[in-house]
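Survey of secondary and tertiary structure
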Amino acid sequence: MRQATLHFTKIINGKKTEMHVCEHCAREKGEAIPGTDSFSIHHLFSGLFHTDDSNATQRDQNTKAELKCPNCGLSYEKFLHIGRFGCASCYETYSTRLSSVFRRVHGGNSKHGGKIPKRIGETIQIEQRIEEMRAMLNEHIQKEEFEKAAELRDEIRALTKQKDIPREGEEEG
Amino acid sequence: MSLNQFLEHAISPWMKKDGIESDIVLSSRIRLARNMNAFTFPILSSKEEAYTASQYIKEALASTQTNALGNAEMLTMDEMKTNDKRILVEKHLISPHLAEQSKHGAVLLSEDESVSIMVNEEDHIRIQVLTAGFDLDHTYQAASSLDDWMESHLTYAYDRQYGYLTSCPTNVGTGMRASVMMHLPALAITQQLQRILPAINQLGLVVRGIYGEGSEALGNLFQISNQMTLGKSEQDIIEDLQGVVKQLIQQERAARGSLLDHSHLKLTDRVHRSLGVLSHSHIIDSKEATRRLSDLRLGIDLGMIEGISASILNELMIVTQPGFLQRYAETVLSPEQRDERRATLIRERLKLEYTNK
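Quick look at the structure, then. (Residues numbered from 1 in each chain as written. Chains lettered and ligands numbered in written order. Predicted model: local features only at pLDDT ≥ 70, side-chain atom pairs only at ≥ 80, totals over all residues. Heavy atoms only, no water.)

When you go through chain A residue by residue, the secondary structure sums to eight helices and two strands. Counting helices and strands in the order they occur from the N terminus, chain A gives β-β-α-α-α-α-α-α-α-α. Sorting the 173 residues of chain A into buried and exposed places 34% on the buried side. The long-range fraction of contacts in chain A, counting pairs at least 24 apart against all pairs at least 6 apart in sequence, stands at 37%. For chain A, the accessible surface area stands at approximately 11500 Å², while carbon and sulfur atoms represent 49% of it. (Helix = DSSP H or I, 4+ residues; strand = E, 2+ residues; numbered from the N terminus. Buried < 20%, exposed > 50% of the residue type's maximum accessible area, 1.4 Å probe, protein only. Contact = heavy atoms within 4.5 Å. Areas by Shrake-Rupley, 256 points an atom, 1.4 Å probe, with all protein chains shown as cover.)

This is how it looks when you write it as structure tokens:
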């Protein structure tokens, strides 16, 4: 057992987590953390994708190599080379490959846990509500509770309309 | 000329304020990376599209000013001289990327220079807020308010799964880089940093030197920031960073105490020797200058040197960089000329400190 160099205590929502790191482990694991040099970051990132590829079949490789973002035209090959996305749609185009890569770059995480933009947040909440109501609607139909189903259908229509109406004074972007 | 207000002084107004723990933590910084949904990201966009995106953002910024920025100034990279851009980089108001590689890049600078909103950096928008001392919470609140203000006018690229969509995958999610700049001379002198810094990496933070090539840390100045941006909330990222910084502050204070207790004479000699060199040199390179300035700042903080303001480290660290040297000289300087000019500036600045008291 080696003496810990750094002691770090974190208390979140009343739960206490302690981390004790000895310098030997830190030095070993520290080497695995990407550096801040932009050159090495992006080549590391490209390497992550290539590592992913090695598990794919040849046919899959050929198919994916032809992937191209329909919005900005960034090809998968160029994406690997520059290690950067070309537009928001790239995330959707390459979505099947992103979670595992993000997990490696972001310490095991692949889902956003932070701030939500206010305007987008409103839309997201409405969409979630609509999905919930659709599920309830289907349930009522299954039970042949058609009056309740009709009520929900009207509410869903109202929410859909609300979601799609641009905010007053809002520019279309 | 409005640009001149940012070029004439090495030290930003916010730097003159005393901050929390500011003898060790020189500044706190929050940077938010954002893109617009409707445009190709800057790194891949054509010049025409980059121009359109830039104009769109500038108009949004101009349509309603916010009080938080004071009399803010919009500066366009293409209209600036190379050396003027270099000065803004040296003051950390814009990034090297914005200065050198951006297409139709611009920056909105607040009057006190604590806020930079960069347009068409690697991402469409980079919001940066700087605060004196150790104050990440308030710094984040300021950045987040500006973020909300901008988002009320612009539609951000955002995904429920991945959060704020950025050009570089290392920024996705929160898009937030939180960092502090620390002056850790005693830990360096007592050879403790070699053990401590790798341990910090283990916790998902990055430590790098300022004003140095590669991992070398000139002037014992270190920037500590979060590595990961996806998965944790902004608050969690900040709390993790705060926890480590507090430990470092404690350890630096302990190391300073130890030096005073056990090596008082050596430390006194080192500090005053550096003051002597800085006060009398006629040639000094940037490496030696930053090392000596670090000693001077340590001496000031420990009360060994009186009559010189603590902010002199911040100021002279910047004013002795090539861009500022050349601006003062109003010409391009060779390395030898810069070393001579640097020494002259430092001597005159120190003389001014004594004159003002």
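Structure's up, so let's keep going.
We now examine unusual backbone geometry. Residues and elements named next belong to chain B. Of note in the backbone geometry, Glu113 takes a positive phi value of approximately 65° without being a glycine. You can see Glu113 is positioned in the loop between strand 3 (106–109) and strand 4 (115–119). Using a relative accessible area of 3% as the deciding quantity, one classes Glu113 as buried. Although it is not a glycine, Glu330 adopts a positive phi angle of roughly 60°. With respect to the helices and strands, Glu330 occurs in the loop between helix 12 (322–329) and helix 13 (335–356). Here Glu330 falls in the exposed class, since its relative accessible area comes to 71%.

Turning our eyes to something else, we now look at helix 2 (residues 47–63) of chain B. All names here are of chain B. Here helix 2 contains 17 residues, and its C-alpha end-to-end distance of 24 Å stays within 8% of the 24 Å for a straight helix at 1.5 Å per residue. Along helix 2, the residues that are buried comprise Ala50, Ala53, Ser54, Ile57, Lys58, Ala60 and Leu61. Within helix 2, the buried residues cover an arc of 160° as seen down the axis, which keeps them to one side. Structural note: helix 2 exposes Glu48, Glu59 and Ala62 on the side pointing more than 90 degrees away from its buried face. Here the buried face of helix 2 lies against strand 2 (73–76), strand 3, strand 4, strand 5 (125–132) and helix 5 (136–151). (Expected span 1.5 Å × (residues − 1). Arc of directions from axis to C-beta.)

Summed over all chains, the structure comprises 27 salt bridges over all chains. Between Glu132(A) and Arg129(A) there is a salt bridge, with the nearest N and O atoms lying 3.3 Å from each other. Pair noted here: Glu132(A) and Arg129(A) are both in helix 7 (residues 118–142), with a separation of three residues, about one helical turn. Its salt-bridge partner being Glu113(B), residue Lys91(B) comes within 2.9 Å of it at the nearest N-O pair. Separated by 22 residues along the polypeptide, Lys91(B) in the loop between helix 3 (82–90) and helix 4 (96–100) and Glu113(B) in the loop between strand 3 and strand 4 bring together distant segments of the chain. (Salt bridge = Lys/Arg side-chain N within 4 Å of Asp/Glu carboxyl O.)

Let's shift gears to the state of the cysteines. Residue and element names in this part refer to chain A. As enumerated under the stated definition, the model contains zero disulfides over all chains in all. For Cys72, which is in no disulfide, the shortest distance to another cysteine sulfur is to Cys90 and amounts to 3.6 Å. Look at Cys90 and you get buried, because its relative accessible area is 0%. (Disulfide = S-S within 2.5 Å.)

Let us now look at the pairing of strand 5 of chain B. Residue and element names in this part refer to chain B. Across the eight residues of strand 5, eight count as buried, placing the element largely inside the fold. By the alternation rule, side chains of strand 5 split into Ile125, Ile127, Val129 and Thr131 and Arg126, Gln128, Leu130 and Ala132, which are all buried. Of the strand pairs in this sheet, strand 1 (residues 25–34) and strand 5 are connected by eight bridges, and their pairing is antiparallel. Looking at the pairing, Ala33 lines up with Arg126 of strand 5. Here strand 4 folds back onto strand 5 in antiparallel fashion, the turn holding five residues, of which Asn120 has a positive phi close to 60°. (Pairing = 2+ DSSP bridges.)

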